[in-house]
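# Understanding the architecture of this molecule
What follows is the residue order along each chain.
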Amino acid sequence: MVVQFGQYAPARRTLLHISDTHLLAGNRALAGRFDTAANLTRALEAAEATGIRPDAIVFTGDLTDLGEPEAYAALRAAVEPVAARLEAPVIWVAGNHDERTVLRRELLDLAPSEEPVTGVWDLGGLRLIALDSTVPGWHHGDLDAEQLEWLRGVLRIPAPLGTVLAMHHPPLPSHLPLFDILELRDQGRLAEVIAGTDVRAIVAGHLHYSTSGTFAGVPVSVAAATCYTMNLARPAVDVNGMDAGQSFHVVHVYDDTITHAVVPVVEAPTGDYFSAEWVARMAAMTPEERLEAFSRKRP
């Protein structure tokens, strides 16, 4: 049931934002301890359980851990049936653990090449642009002059609902030394390209924890990983990965704002007060009756 109880009409577009799956061939345990395939399956099940029919499913990089063909095949086999049921396109973004040549062949059905993995999608008026911030042979990020000039050309014509950029390395500071070393370099060049354009949001991964900020006046949202997340309840110099806290984001695009909701992938008991029946009951009331029934504090 789509109803409007508040000031905002329903979102114009919705995205599922998933990041850092880090699959390995043969489902080997990552670092000898993380079952990345099982964690991905749990995340996909949780995404489907939301009941959301997204306009796209966006994976912001580190799709595999070593760029192995078998790992990409396993990822595709896990994701594509879910995407088919949701009737949503899948947008693959390259991360520093990926290999461009293998990613192109195994996920995009393209000839292998070291060209950046980029693309533009029209999602019913919302434009999504995938950038490739990877540097072959390295783990830090960068955007070369040719890719930035290509982006500048795409952004010359605004999209009806604006543009979302998807990339792996976020243009944000991190308080963790390991990610400061592996940051997106020369960020000012990207800021210059997107200044004054219709870019409304940037979605990224890489950090293995959820965070947000602004870059050149544009909101940036980083989704935590599905494979493992960083335990931020430790001093920055001692932060390491843990098999907990996995999540993904649900992105709602409205006329005047974009929200990024963190959806935890957990097994925990929940209450049963709110339901479709409760929403239907509220929908049958006038706005004044709804406030009286639900907003007024009772003595």
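To be clear, the structure that these remarks concern was listed above.
Presented here is a report on the structure given in the accompanying data block. A quick note: this is a predicted structure, and the numbers were derived from the prediction, not measured.

So, about the environment of Leu107. When you line up the elements, Leu107 lands in helix H3 (residues 100-107). Aside from chain neighbours lying at most four places away, what touches Leu107 is Leu63, Tyr72, Leu75, Arg76, Trp92 and Val102.

Here we take up a negative patch on the surface. Judged by side-chain charge, Glu99, Glu114, Glu115, Asp144 and Glu146 come together as a negatively charged surface patch. Structurally, the position occupied by Asp144 is in the loop between strand S5 (126-130) and helix H4 (145-155).

Read from one edge to the other, the open sheet built from five strands follows the order S3-S2-S1-S12-S13, with strand pairing classed as mixed. Taken across any chain shown, the strands that pair with only one partner, and hence form the sheet edges, are strand S3 (90-93) and strand S13 (258-264). Averaged over all pairs of adjacent strands, the angle between their axes in this sheet comes to 20°, without regard to strand direction. Strand direction decides the pairing type here: strand S12 (residues 247-253) and S13, joined by seven bridges, are antiparallel. Along S13, the bridge assignment pairs His252 with Thr259. Against the sheet, helix H1 (residues 36-49) touches strand S1 (13-18), strand S2 (56-60) and S12, its axis set at about 30° to S12.

Okay, empty space enclosed by the protein next. Applying the stated rule across the entire model yields two cavities of 30 Å³ or more. What the largest cavity holds in volume is close to 50 Å³. In terms of lining, the largest cavity is formed by Pro170, Leu172, Pro173, Ser174, Phe179, Asp180, Glu183, Leu184 and Leu207. Within the lining of the largest cavity, the residues separate by chemical class into six nonpolar, one polar and two charged. In terms of lining, the second largest cavity is formed by Asp142, Leu143, Leu148, Leu184, Arg185, Asp186, Gln187, Arg189 and Leu190. A class-by-class count of the residues in the lining of the second largest cavity yields four nonpolar, one polar and four charged.

Taken in spatial order, the six strands make up an open sheet running S4-S5-S6-S7-S9-S8, and their pairing is mixed. Both outer strands of the open sheet, strand S4 (119-123) and strand S8 (211-215), are each paired with one neighbouring strand and no more. Pairwise comparison of adjacent strand axes, ignoring direction, gives a mean angle of 20° for this sheet. In the sheet, S5 pairs with strand S6 (residues 163-166) via four bridges, with the strands oriented parallel. Opposite Leu128, over in S6, you have Val164 as the bridge partner.

The next point concerns the packing of H1 against helix H2 (residues 69-86). Each pair of packed helices gets described by two things: the angle between the helix axes and the distance between those axes. Running from N to C, H1 and H2 cross one another at 5°; their axes reach a closest spacing of 11 Å. In terms of orientation, H1 and H2 fall into the roughly parallel class. Across the interface between the two elements, Leu40, Leu44 and Glu48 from H1 touch Leu75, Ala78, Val79, Val82, Arg85 and Leu86 from H2. Among the residues forming the contact of H1 with H2, the class breakdown is seven nonpolar, no polar and two charged.

With that settled, consider the pattern of salt bridges. Taken as a whole, this structure holds 14 salt bridges when the rule is applied. For Arg100, the salt bridge is made with Asp132, and the minimal N-O distance between the two is 3.0 Å. Here Asp132 lies in the loop between S5 and H4 and Arg100 lies in helix H3, a separation of 32 residues in the sequence. For Arg100, a relative accessible area of 9% gives the class buried. Judged by its relative accessible area of 0%, Asp132 falls in the buried class.

The next subject is the packing of aromatic side chains. Centre-to-centre distance and the angle between the planes together describe a pair of aromatic rings. Here the structure, examined in full by the defined rule, presents seven aromatic pairs. Pairing Phe59 with Trp92 gives two aromatic rings, centres 4.9 Å apart and planes at 35°, and the pair type is tilted. A residue pair is termed long-range when its members are at least 10 positions apart, and Phe59 in strand S2 and Trp92 in strand S3 qualify at 33 residues. A centroid spacing of 4.8 Å and a plane angle of 90° characterise the contact between Tyr273 and Phe274, whose relative ring orientation is edge-to-face.

Looking now at the nonpolar core. Judged by nonpolar contacts, the single largest core of 33 residues is most densely connected at Leu131, Leu151, Leu165, Met167, Leu190, Ile194 and Ile202. Looking at this core element by element, the count peaks at four residues for helix H6 (residues 187-194). When sequence neighbours within four positions are dropped, the list of residues in contact with Leu151 reads Ile129, Leu131, Leu165, Leu190, Val193 and Ile194. Grouped together as the second largest cluster of nonpolar side chains are 30 residues, Leu16, Ala47, Leu75 and Val82 included.

It is worth spelling out the side chain of His168 at this point. Of note, His168 is situated in the loop between S6 and helix H5 (177-181). Side-chain polar atoms of His168 contact the backbone oxygen of Thr60, separated by 2.8 Å. Reaching out from His168, the side chain makes a polar contact with the side chain of His206 at a distance of 3.2 Å. Setting aside anything within four residues of it in sequence, one finds His168 in contact with Asp20, Thr60, Gly61, Asp62, Val93, Ala94, Gly95, Asn96, Ser133, Ala204, Gly205 and His206.

Rules used in this analysis
Numbering of residues starts from 1 in each chain and follows the order in which that chain's sequence is written. Under the rules for a predicted model, residues below a pLDDT of 70 receive no local features and side-chain atom pairs below 80 are neither given nor counted, while totals for whole chains, interfaces and linings still include all residues. Excluding hydrogens and water, the side-chain values take into account all heavy atoms of the structure. A run of H or I in DSSP counts as a helix once it spans at least four residues, and a run of E counts as a strand once it spans at least two, with each numbered from the N terminus. Pairs of residues are marked as contacts when any of their non-hydrogen atoms sit within 4.5 Å. Each patch is built from residues that are more than 30% exposed by relative accessible area and take part in no salt bridge. Like charges join if they lie within 9 Å; nonpolar side chains (Val, Leu, Ile, Met, Phe, Trp, Tyr) join within 5 Å. Residue-level accessible areas treat just the shown protein chains as cover; the underlying method is Shrake-Rupley with a 1.4 Å probe. Any Lys or Arg side-chain nitrogen found within 4 Å of a carboxyl oxygen on Asp or Glu counts as a salt bridge. Counting rule for charge: Lys and Arg are taken as positive, Asp and Glu as negative, and neither His nor the chain ends is counted. Here the site of a charge means atom NZ of a Lys, CZ of an Arg, CG of an Asp or CD of a Glu. By the convention used here, strands pair only if DSSP detects at least 2 bridges between them. Lines are fitted to the C-alpha atoms to define the axes, a helix being fitted only along its stretch in contact, and any angle between axes, read from their N-to-C directions, falls within 0 to 180 degrees. Using protein atoms alone on a 1 Å grid, points that fit a 1.4 Å probe yet trap it form a cavity, whereas open point sets bounded by protein on both sides within 12 Å along at least five of seven lines form a pocket; residues with an atom within 4 Å of a point count as lining. Grid points are joined across faces, edges and corners, and a volume is the space filled by probe spheres set on the points. Nonpolar residues are Ala, Val, Leu, Ile, Met, Phe, Trp, Tyr, Cys and Pro. Charged residues are Asp, Glu, Lys and Arg, and all others, Gly as well, are polar. Roughly parallel means an angle under 35 degrees; roughly antiparallel means over 145; roughly perpendicular covers 65 to 115; every other angle is labelled oblique. Throughout, exposure labels follow a simple rule: accessible area from a 1.4 Å probe, protein chains only, divided by the maximum for the residue type, with under 20% read as buried, over 50% as exposed, and the rest as partly exposed. Only rings of Phe, Tyr and Trp enter the pairing, Trp through its six-membered ring, and a pair is recorded when the two centres are within 6.5 Å. The plane angle decides the type: under 30 degrees is stacked, over 60 is edge-to-face, the rest tilted. By convention a nonpolar core is built from buried Ala, Val, Leu, Ile, Met, Phe, Trp, Tyr and Cys residues, the set being connected through side-chain atoms within 4.5 Å. Side-chain atoms alone can form a polar contact between residues adjacent in sequence; in general such a contact is a pair of N or O atoms within 3.5 Å, and within protein one must be able to donate a hydrogen while the other accepts it.

That is the geometry; function is a separate question.
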